[in-house]
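Coordinate inspection notes
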Amino acid sequence: MHIQTPYLLFLGDAADALAAKVAQGICDWRPEQAIGQYRMSGCQADLGLPDLSLEAAARAGARTLVIGVANRGGVISDAWVEVMLDALEQGMDIAAGLHNQLSEIPALAEKAARLGRTLFDVRHPTTQFPVATGVRRSGKRLLPVGTDCSCGKMYTALAIEKAMRQRGMKADFRATGQTGILVAGGGVPVDAVVADFISGAVETLTPENDPDHWDIVEGQGSLFHASFAGVTTGLIHGAQPDALVLCHEPTRTHMRGLPDFPLPELGECMEANLRTARLTNPDARFVAIAVNSSKLSPADAKAYLEETEARYGLTTVDPVRQGVERIVDELARW
C-alpha cells in the first residue's frame, strides 16, 4: 500500500479537534506532505493549514484526499460522499482509515474505476503476504512494545525516526496501523492481516537493507493484553528487532478495556518481550523505556523517570516532555 503525496486533509464536519486526530497526526509528523485542509460547514477543527477548495488543491498538486476525521456514528454521510466524488473528478485518489470501506460505496467504486483512481482503505489490506521464514535480514530494526495498548508506541517510533534523520542517520518509519500508514504514506495494517501471515507481512515491510540502516517499526498491542497479544506476537517475530523500547503509561490501574487485567510489572513485561523477540533475533535487547507521563505533575514525572531509570538501568524518558535524544544517543553507538 503506497499512497501518493501530497495530501489534502479532509476534516469534514468534525465536531471538535479530537475528531480530527488522524489529520492532526499527519500535520504533526509529515507537515511537508499536507498542502491544505478541506472543511465543511460546521467544522469545529482547524489544523492551521490553508483552507482549499478541491479545485485549488488539485491545482496546487494534491494527489490524495485523506479522510483525516472520524466519521459520526460509523456512517459515511452522503455529504462526505459528494465531496469524495468531486475529488475523484479533480484527479485525486482517496485514502481513509475508517471501519467503513470506501470501496463498498458503489458510487465511489464506480467512479474511481472509470477514472483510473485508487481508493485506499488502509484498515483493509489487499496484498497477499507470504508465511514468515524467520531468516535473518541485513540492516537494523527497532520496535517499541508496550505494557498496554495506546501508551505511546507510534509517537515514540516517529519521534525516534525524526531525531535519527536530523542527525543524518539512515532511518525509516514502518507503519503497521491505519494512522501510521496515513502518516507514512504506506505500510501494513497488521491487525487486519490473517493470523498465519502477520509475521510474513512484517518481514515484507522490513526487508534487507544497508547494515547501518534502521527500520523503526510501529508497535501494536501488548503481550499482556488478552484481546490483542496475538497481533503483538506476530509483529515481534516478523520485525526481528535488534533494539526494543518499552512504552508505559504509569497511572493506569488495568489494561485498557479490561478491568479484570492489571498492568504487568515493567521487568516482567520486558522479560516476556525478550523471550518472544529472541525466537527470530537471539541478540534482541532493550535500549530504553519511554514513559507517557502526561497525567503526572512535572515533579512527579521527574521522580518517576529517575526512579525507573535507576531500577532497570535503561535510559528512561518521556518522548513528549524530554524528547528522545538520549535514546538516539544509545542507538548511534551501535
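The structure under discussion appears in the preceding block.
Cut-offs used in this document
- Residues numbered from 1 in each chain as written.
- Predicted model: local features only at pLDDT ≥ 70, side-chain atom pairs only at ≥ 80, totals over all residues.
- Heavy atoms only, no water.
- Helix = DSSP H or I, 4+ residues; strand = E, 2+ residues; numbered from the N terminus.
- Rg over C-alpha atoms; globule rule 2.2 N^0.38 Å.
- Buried < 20%, exposed > 50% of the residue type's maximum accessible area, 1.4 Å probe, protein only.
- Contact = heavy atoms within 4.5 Å.
- Areas by Shrake-Rupley, 256 points an atom, 1.4 Å probe, with all protein chains shown as cover.
- Lys, Arg positive; Asp, Glu negative; His and termini not counted.
- Charge placed at Lys NZ, Arg CZ, Asp CG, Glu CD.
- 1 Å grid on protein atoms, 1.4 Å probe; cavity = no way out; pocket = protein on both sides within 12 Å on 5 of 7 lines; lining within 4 Å.
- Points joined across faces, edges and corners; volume = space filled by probe spheres on them.
- Nonpolar A, V, L, I, M, F, W, Y, C, P; charged D, E, K, R; others polar.
- Core = buried A, V, L, I, M, F, W, Y, C linked by side-chain atoms within 4.5 Å.
- Domains from an automatic or database assignment.
- Pairing = 2+ DSSP bridges.
- Axes fitted to C-alpha atoms, helices over the stretch in contact; angles between N-to-C directions.
- Expected span 1.5 Å × (residues − 1).
- Salt bridge = Lys/Arg side-chain N within 4 Å of Asp/Glu carboxyl O.

**Focus: the overall build of the protein chain**
When you go through the protein chain residue by residue, the secondary structure sums to 11 helices and 11 strands. Taking 2.2 N^0.38 as the reference for a compact globule, 334 residues should give roughly 20 Å; the C-alpha atoms of the protein chain span a radius of gyration of 20 Å, in line with that estimate. Taken over 334 residues, the protein chain has a buried fraction of 54%. When contacts within the protein chain are restricted to residue pairs at least 6 apart in sequence, long-range pairs at least 24 apart make up 76% of them. For the protein chain, the accessible surface area stands at approximately 14,500 Å², while carbon and sulfur atoms represent 51% of it. Considering the protein chain, the positive charge centre built from 31 side chains and the negative charge centre built from 41 side chains are found 3 Å apart.

**Things to note about the layout of surface pockets**
Empty space left among the atoms is revealed by rolling a probe the size of a water molecule over them. A volume near 1,600 Å³ is recorded for the largest pocket. In terms of lining, the largest pocket is formed by 46 residues, of which the most central are Lys21, Ser150, Met154, Thr179 and Arg256. Looking at the lining of the largest pocket, the elements that each hand over two or more residues are α1 (21-29), α5 (153-166) and α6 (178-184). If you tally residues by element for the lining of the largest pocket, the top one is α1, at 6 residues. In this model, the second largest pocket occupies a volume close to 200 Å³. For the second largest pocket, the lining is made up of 14 residues, of which Asp172, Phe173, Arg174, Ala184 and Gly186 are closest to its centre. At the level of secondary structure, the elements contributing two or more residues to the lining of the second largest pocket comprise α5 and β7 (170-174). Split into classes, the residues belonging to the lining of the second largest pocket amount to 5 nonpolar, 4 polar and 5 charged.

**With respect to the nonpolar core**
Counting 77 residues, the largest nonpolar core has Leu65, Leu108 and Ile160 as its most contacted members. Considering every element that reaches this core, the biggest residue donor is helix α3 (residues 78-89), with 7 residues. Here this core gathers at least three residues from each of two domains, domain 1 (7-121) and domain 2 (140-332). Apart from the residues within four sequence positions on either side, Leu65 is in contact with Leu8, Phe10, Leu54, Val83, Met84, Ala87, Met92, Asp93, Ile94 and Ala95. Formed by 30 residues, the second largest nonpolar core is a distinct cluster that contains Val202, Val217, Val231 and Ala272.

**Brief notes about the sheet that holds strand β6 (residues 140-146)**
Strand order across the open sheet formed by 6 strands is β7-β8-β6-β9-β10-β11, with parallel pairing between neighbours. Pairing within the sheet leaves two strands with one partner each, and these edge strands are β7 and β11 (315-317). The sheet shows a mean angle of 20° between the axes of neighbouring strands, direction not considered. Both β7 and strand β8 (residues 213-217) contribute to a ladder of 5 bridges, which runs parallel. What sits directly across from Ala171, in β8, is Trp214.

**Let's talk about the sheet that holds strand β5 (residues 119-121)**
One open sheet holds the 5 strands; their spatial order is β2-β1-β3-β4-β5, and the pairing between them is parallel. Single-partner strands in this sheet number two, and they are β2 (34-39) and β5. Across the sheet, the mean angle from the axis of one strand to that of its neighbour is 20°, orientation sign disregarded. Both strand β1 (residues 7-12) and strand β3 (residues 64-67) contribute to a ladder of 4 bridges, which runs parallel. Looking across to β3, one finds that Tyr7 is bridged to Thr64. Seen against the sheet, α3 touches β1, β2, β3, β4 (93-96) and β5 and runs at an angle of roughly 160° to β3.

**Examining the environment of Ala272**
Examined against the element boundaries, Ala272 turns out to sit in helix α9 (residues 266-277). For Ala272, a relative accessible area of 12% translates into the label buried. For the pair formed by Ala272 and Leu223, sequence separation is 49 residues and the distance between their alpha carbons is 7.6 Å. Apart from residues no more than four positions distant in its own chain, Ala272 is found in contact with Leu223 and Phe224.

**Considering α3**
The terminal C-alpha atoms of α3, which comprises 12 residues, lie 17 Å apart, in line with the 16 Å expected from a rise of 1.5 Å per residue. Considered for burial, the residues of α3 that qualify are Trp80, Val81, Val83, Met84, Leu85, Ala87 and Leu88. Directly after α3, the chain includes Gly91, whose backbone phi takes a positive value near 95°.

**Quick look at the pattern of salt bridges**
All told, the structure shown has 20 salt bridges when counted by the stated rule. With its nearest N and O atoms 2.8 Å apart, the salt bridge here joins Lys111 to Glu89. Pair noted here: Lys111 is in helix α4 (residues 106-115) and Glu89 is in helix α3, with a separation of 22 residues, a long-range link. Accessibility expressed as a relative area gives 41% for Glu89, which makes it partly exposed. Residue Arg252 is joined to Asp148 by a salt bridge in which the shortest nitrogen-to-oxygen separation is 2.8 Å.

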